[in-house]
Amino acid sequence: MLGLIVARSKNNVIGRNGKTPWKIKGELSQLRDLTMGNVIIMGRRSYEEIGHPLKGRTNIVVSNTKEFTGEDLITVHSLTEALKLAGDRDAFVTGGVRMFEEAIPMVDKMYITEIDLTVEDGDAFFPAFDPEDFDLTVGETAGDEIRYTRTCYTRKKRGKEKFHP
């Protein structure tokens, strides 16, 4: 299964100046819960924002300019290469914009946390996608100071074409 995990503001912002423009207690728990023991795939900038591999999962960084190595940390040059390395394990694309753009046509599920916030000076936006390609499930709403709602877009059944390796 190929999944995608992202949090976005009301106006589709996912980043500002190379960072996530909010800090919300509990918001990252879904990332941990879904990806533990699985594979996460991210672009170089997303990895550099985190600054270290996430424990308990295989971290694959897609980069053509830097090489990252370490325990549970691999660098590849394309999303296709990352998916081949993931093999039959569940893999989750966690950022950034270019990785999301490339992954959306292939994903089976998109876990999107809708942040109840408008970010006026954002400079990274979640790519557009056709919601008609997915079934939407709305989950919990939580958050004290900033509210957020968990959603899951599950790709509708498709034909026999193969979208990812």
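Above: the structure in question.
Residues numbered from 1 in each chain as written. Predicted model: local features only at pLDDT ≥ 70, side-chain atom pairs only at ≥ 80, totals over all residues. Heavy atoms only, no water.

1. Description of unusual backbone geometry
Under the convention used in this document: Secondary structure is summarised from DSSP: a helix means a run of H or I of at least four residues, a strand means a run of E of at least two, and numbering begins at the N terminus for each.
In this structure, G96 follows G95 across a cis peptide bond, with omega equal to -5°. Structurally, G96 can be placed in the loop between β6 (91-95) and α4 (97-103). The backbone of N12 shows a phi angle near 75°, a positive value even though the residue is not glycine. Considering the arrangement of structural elements, one finds N12 in the loop between β1 (2-8) and β2 (13-15). The phi torsion at D72 lies on the positive side, around 60°, for a residue other than glycine. Locating D72 in the fold gives a position in the loop between β4 (58-62) and β5 (73-76).

2. Points about the layout of surface pockets
Quick note on the threshold: Buriedness of a pocket was judged along seven lines, with at least five required to meet protein on both sides within 12 Å; pockets are open sets of points on a 1 Å grid over the protein atoms alone, cavities are sets where a 1.4 Å probe fits but cannot get out, and lining residues have an atom within 4 Å of a point. Grid points are joined across faces, edges and corners, and a volume is the space filled by probe spheres set on the points. Each residue is assigned to one class: nonpolar for Ala, Val, Leu, Ile, Met, Phe, Trp, Tyr, Cys and Pro, charged for Asp, Glu, Lys and Arg, and polar for all the others, Gly among them.
By volume, the largest pocket is sized at about 1400 Å³. Along its surface, the largest pocket is lined by 46 residues, and S46, E49, T94, G95 and G96 are the ones closest to its centre. Sorting the residues of the lining of the largest pocket by element identifies β1, β2, α1 (29-35), β3 (39-43), α2 (44-50), β6 and α4 as the ones contributing at least two each. Here the lining of the largest pocket is built from residues that sort into 18 nonpolar, 15 polar and 13 charged.

3. Describing the packing of aromatic side chains
Here is the rule: Only rings of Phe, Tyr and Trp enter the pairing, Trp through its six-membered ring, and a pair is recorded when the two centres are within 6.5 Å. The plane angle decides the type: under 30 degrees is stacked, over 60 is edge-to-face, the rest tilted. Buried residues are those whose accessible area, probed at 1.4 Å on protein chains only, stays under 20% of the maximum for their type, while exposed residues exceed 50% and partly exposed ones sit between those limits.
A full pass over the atoms with the stated rule returns seven aromatic pairs. A centroid spacing of 5.3 Å and a plane angle of 65° characterise the contact between F100 and F126, whose relative ring orientation is edge-to-face. With a gap of 26 residues between them, F100 in helix α4 and F126 in the loop between β8 (124-125) and β9 (134-142) connect regions that are remote in the sequence. With a centroid separation of 5.7 Å and 90° between ring planes, the pair formed by F129 and F134 is classed as edge-to-face. The residues F129 and F134 share a single accessibility class, namely buried. Within the aromatic cluster, the residues linked to one another by ring pairs are F100, F126, F129, F134 and Y153.

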